Amino acid sequence: MSVKVLVLNGPNLGRLDIRDSSIYGDMNYPELVSHIESAAKTHGFEADIRQSNDESEIIGWLHEAADTNVPVIINPAAFTHYSYAIRDAAELVKSPLIEVHLSNPLAREEFRHTSVISGVANGTIGGFGPNSYILALIALKALLA
Ligand code: DQA
């Protein structure tokens, strides 16, 4: 039986087609979704993958994960660096929550060096492009075992 995982993507990730491919890679968003979906199946998960540019929608999804005890993999995108509201919502999730990034924010501009989410995540994976999500699935599997 597969385990449900909520994969949440924040602002501008739906437009990977026009973002800087030297930073974010060559996959567009639908390709990223397929990449995650198929790896999720391989690792025994059913991934419910969502993207929003709207902070309140992401907060609602985190409340849903808290209420239903579903683990979360989240790329909060730019919200990573300043959304205390998303941090507070992430803290309500008692199942494992893993923060992911396509790029390595620590190797980029200084404002990206702060994550207000990391402190309430089980761990953070960044810098491996779409494979950051796959590594997060593997880490999640180990956490749930
Ligand atoms: C990102 C890194 C963030 O700094 C940036 O704002 C994003 C994407 C990443 O996946 O590398 O939008 O979260």
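Residues numbered from 1 in each chain as written. Predicted model: local features only at pLDDT ≥ 70, side-chain atom pairs only at ≥ 80, totals over all residues. Heavy atoms only, no water.

## Quick word on the layout of surface pockets
Then, number 1: Each pocket or cavity is described by its volume, and for the largest pocket that value is around 160 Å³.
Then, number 2: Glu-99, His-101, Pro-105, Leu-106 and Thr-124 are, among the 15 residues lining the largest pocket, the residues nearest its centre.
Then, number 3: Mapped by element, the contributors of at least two residues to the lining of the largest pocket are strand S4 (97-101) and strand S5 (123-126).
Then, number 4: Examining the composition of the lining of the largest pocket, we find that three residues originate from one element, S5, more than from any other.
Then, number 5: The residue makeup of the lining of the largest pocket, split by class, is three nonpolar, 10 polar and two charged. (1 Å grid on protein atoms, 1.4 Å probe; cavity = no way out; pocket = protein on both sides within 12 Å on 5 of 7 lines; lining within 4 Å. Points joined across faces, edges and corners; volume = space filled by probe spheres on them. Helix = DSSP H or I, 4+ residues; strand = E, 2+ residues; numbered from the N terminus. Nonpolar A, V, L, I, M, F, W, Y, C, P; charged D, E, K, R; others polar.)

## Notes on the confidence of the model for the chain
Then, number 1: A residue-level look at the chain finds 100% of positions with pLDDT of 70 or above and a mean pLDDT of 97.
Then, number 2: Put simply, helix H1 (residues 21-24) is where the chain has its lowest mean pLDDT, 96, and strand S3 (residues 72-75) is where it has its highest, 99. (pLDDT = per-residue confidence, 0-100.)

## Details of the site of the ligand
Then, number 1: For the ligand, the full set of nearby residues is Arg-19, Tyr-24, Asn-75, Ala-77, Ala-78, His-81, His-101, Leu-102, Ser-103, Arg-108 and Arg-112.
Then, number 2: Here Asn-75 contributes a side-chain N or O atom positioned 2.8 Å from an oxygen atom of the ligand.
Then, number 3: Between His-81 and the ligand, the recorded distance is 2.7 Å, taken from a side-chain N or O atom to an oxygen atom.
Then, number 4: For the ligand, the protein covers 98% of the area, taking 320 Å² as the surface of the free molecule.
Then, number 5: When atom positions are compared with the pocket grids, the ligand is found to occupy the largest cavity.
Then, number 6: Class assignment of the residues belonging to the shell around the ligand gives a composition of four nonpolar, four polar and three charged. (Near = heavy atom within 4 Å. Polar contact = N/O pair within 3.5 Å; in protein donor to acceptor, adjacent residues only side chain to side chain. Areas by Shrake-Rupley, 256 points an atom, 1.4 Å probe, with all protein chains shown as cover. Sits in = over half its atoms within 2 Å of the grid points.)

## Points about empty space enclosed by the protein
Then, number 1: Tallying each qualifying case throughout the model produces one cavity of 30 Å³ or more.
Then, number 2: Considered as a void within the structure, the largest cavity measures approximately 130 Å³ in volume.
Then, number 3: What lines the largest cavity is a set of 13 residues, among which Tyr-24, Ala-77, His-101, Ser-103 and Arg-108 lie closest to the centre.

## What about the sheet that holds S5?
Then, number 1: Taken together, five strands build an open sheet; the order of strands is S2-S1-S3-S4-S5 and the sheet is parallel. The sheet is open, and its two borders are formed by strand S2 (45-51) and S5, each paired with just one other strand. Across the sheet, the axes of successive neighbouring strands diverge by a mean angle of 20°, strand direction being ignored.
Then, number 2: Of the strand pairs in this sheet, strand S1 (residues 3-9) and S2 are connected by seven bridges, and their pairing is parallel. (Pairing = 2+ DSSP bridges. Axes fitted to C-alpha atoms, helices over the stretch in contact; angles between N-to-C directions.)

## Some details on the environment of Ala-78
Then, number 1: Along the chain, Ala-78 falls in the loop between S3 and helix H4 (84-91).
Then, number 2: Judged by relative accessible area, Ala-78 falls into the partly exposed class, the value being 34%.
Then, number 3: Once the C-alpha coordinates of Ala-78 and Phe-111 are considered, the two residues, 33 residues apart in sequence, prove to be 9.8 Å apart. (Buried < 20%, exposed > 50% of the residue type's maximum accessible area, 1.4 Å probe, protein only.)

## Some points on unusual backbone geometry
Then, number 1: Phi angles above zero are rare outside glycine, and Asn-12 is one such case at about 75°.
Then, number 2: With a phi close to 60°, Asn-69 is a non-glycine residue in the positive phi region.
Then, number 3: Relative to the helices and strands, Asn-69 resides in the loop between helix H3 (55-68) and S3.
Then, number 4: Taking relative accessible area as the criterion, Asn-69 reaches 52% and is therefore assigned exposed.

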